[in-house]
Amino acid sequence: MKPRVLVTRALPSSVMQRLSAACDVDRAEGGGGLSHDEIVTRVAGKQALLSMVTDVVDRPVIEAGTSLRIIANVAVGYNNIDVAAAGERGIVVTNTPDVLTDATADFTLALILAVTRRLGEGERLVRRAGWQGWAFDQLLGMQLRGRQLGIVGLGRIGKAVAARASAFGMTVAHTSRSGDGMPLDRLLATSDIVSLHVPLTPETRHLIGQPELARMKRSAYLINTTRGPVVDEEALAWALRSRLIAGAALDVYEREPVVHPELLALENVVLAPHLGSATTDTRTAMADLAVSNVIAVLGDQAPLTPVS
Ligand code: DGY
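Residues numbered from 1 in each chain as written. Predicted model: local features only at pLDDT ≥ 70, side-chain atom pairs only at ≥ 80, totals over all residues. Heavy atoms only, no water.

Attention now goes to the domain arrangement of the chain. Taken domain by domain, the chain consists of domain 1 (4–99 + 280–298) and domain 2 (101–271). Each of domain 1 and domain 2 was reduced to a C-alpha centroid, and the two centroids are 32 Å apart. In this complex, domain 1 contributes 8 residues to the contact, which on the side of domain 2 involves 5 residues. Where domain 1 abuts domain 2, roughly 550 Å² becomes buried across the two surfaces, and 45% of that area is made up of carbon and sulfur atoms. One can count 2 residue pairs in polar contact (both at pLDDT 80 or more) joining domain 1 with domain 2. A class-by-class count of the residues in the side of domain 1 that touches domain 2 yields 4 nonpolar, 3 polar and 1 charged. (Domains from an automatic or database assignment. Contact = heavy atoms within 4.5 Å. Buried area = accessible area lost by both parts, 1.4 Å probe. Polar contact = N/O pair within 3.5 Å; in protein donor to acceptor, adjacent residues only side chain to side chain. Nonpolar A, V, L, I, M, F, W, Y, C, P; charged D, E, K, R; others polar.)

Here it is, written out as C-alpha cells:
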C-alpha cells in the first residue's frame, strides 16, 4: 500500500504527478487552501503533510497526525510550524532553502528601486489621471550608486541581495550572528537603505521597533521581505507618518493578509502581497523540493533539507 500524504494547497501538475506516483494523495481542491480545522481532520492517518507558509502547523495538527513522519513546508521560513512539538513525536520537518534565493533577492531589489524611485506614487498618479506631463522636479528619488545598504542577516538571501546591490554601485554593510558584521545600532545609524533578512524567531520578533527606527537616518528607507513580525508595524506607521525615515517597502506583514490601515493611506511606503519567491520557476522548484523530501523520508532515506 502506498503511503498517504495530505497536500494543503494545489501544486503544479508536474509536481503532483511525481508525488502521486509514490504516494496516495489527499489534496485541497480548487484555488484555496485547507483551513486549520480541515487540516486537523484530514491529517489523521497521513504519513506526510505538505504545508504552505500560510498553514499554522501547531500542536493540535501534530497531535491529530498520529501517523506523520514528515512535515514538508513549501517555504524556506518555517515559523508557521511548531518544530519542537514535531520533534517530540519524531516527525522530520523540512523547508525549501536555496531554490528561492535568486527570486527573493531579485524582488528585494525591485522593492528598493520602487521605493527609492517613487514608482508606486508615480503609478498611482498616472492611473488617477493626475499626471500633467514631464516636470523637472517631479517625484525626485534617491540614486543608489555610492549609498550604503545595511543588510540585517547575511544568510543566503542577504548575500544574494548584497551581490546585486554591489552591481548597482552601493556599498554594503551587514550584521551577522557570528559577530563579524556591524552592530545593529551602527548599521541603522549609517545605512541609506536597511534590508531585513533574518528569520522570524522569538529573538527577532519586533527587532525593528520605535527605538531602532529613531536611530535610522531621516533620509533612509526600510525594506522587509522576510517576515512581518520582525517589524513593529505600529511603530513603522508612526515613523513613516512623522517622516522620521524617508520610506519603506514591505512584502510581508504582521497579520497577513491584513495590512495596518495607516500604511495603506501613506504615500511613502510600497506594499506588495508576499511575492518574494513568486516566479513560476521558483514556486515549481520549491514544490518539487518539498516532494523530494517527502519521497526520501517515506522511503527511509535522509531528508534533503531538514530544518535543523
Ligand atoms: C518563504 O519561502 O519563506 C516565503 O516567504 C514563501 O514564499
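That shown, we press on.
Before going further, it helps to examine the nonpolar core. By size, the foremost hydrophobic cluster in this structure holds 44 residues, and its most contacted members are V5, L19, L50, L149, I193 and V294. Mapping this core onto the domain boundaries places at least three of its residues in each of domain 1 (4–99 + 280–298) and domain 2 (101–271). Sequence-distant contacts of L19, defined by excluding residues within four places in its chain, comprise V5, V7, V25, L50, V291 and V294. Ranked by size, the runner-up nonpolar core spans 30 residues in total, among them V152, V194, L196 and L244. (Core = buried A, V, L, I, M, F, W, Y, C linked by side-chain atoms within 4.5 Å. Buried < 20%, exposed > 50% of the residue type's maximum accessible area, 1.4 Å probe, protein only.)

Geometry of a packed helix pair, given as the angle between the helix axes and the separation of the axes. At their nearest, the axes of helix α1 (residues 13–22) and helix α12 (residues 280–298) sit 9 Å apart, and the two run at 10° to each other. Regarding the angle of α1 to α12, the classification is roughly parallel. Contacts between α1 and α12 involve S14, V15, R18, L19 and A22 from the first element and T284, A287, D288, V291, S292, V294 and I295 from the second. Of the residues belonging to the contact of α1 with α12, the class tally is 7 nonpolar, 3 polar and 2 charged. (Axes fitted to C-alpha atoms, helices over the stretch in contact; angles between N-to-C directions. Helix = DSSP H or I, 4+ residues; strand = E, 2+ residues; numbered from the N terminus. Parallel < 35°, antiparallel > 145°, perpendicular 65-115°, else oblique.)

In the vicinity of the ligand, the contacting residues are A75, V76, G77, L100, R227, H274, S277, R283 and M286. V76 is positioned such that a nitrogen or oxygen atom in its backbone is 2.7 Å from an oxygen atom of the ligand. S277 is positioned with one of its side-chain polar atoms (N or O) 2.7 Å from an oxygen atom of the ligand. Expressed as a share of its isolated accessible area of 230 Å², the protein-covered part of the ligand is 90%. The residue inventory of the shell around the ligand, partitioned by class, reads 4 nonpolar, 3 polar and 2 charged. (Near = heavy atom within 4 Å. Areas by Shrake-Rupley, 256 points an atom, 1.4 Å probe, with all protein chains shown as cover.)

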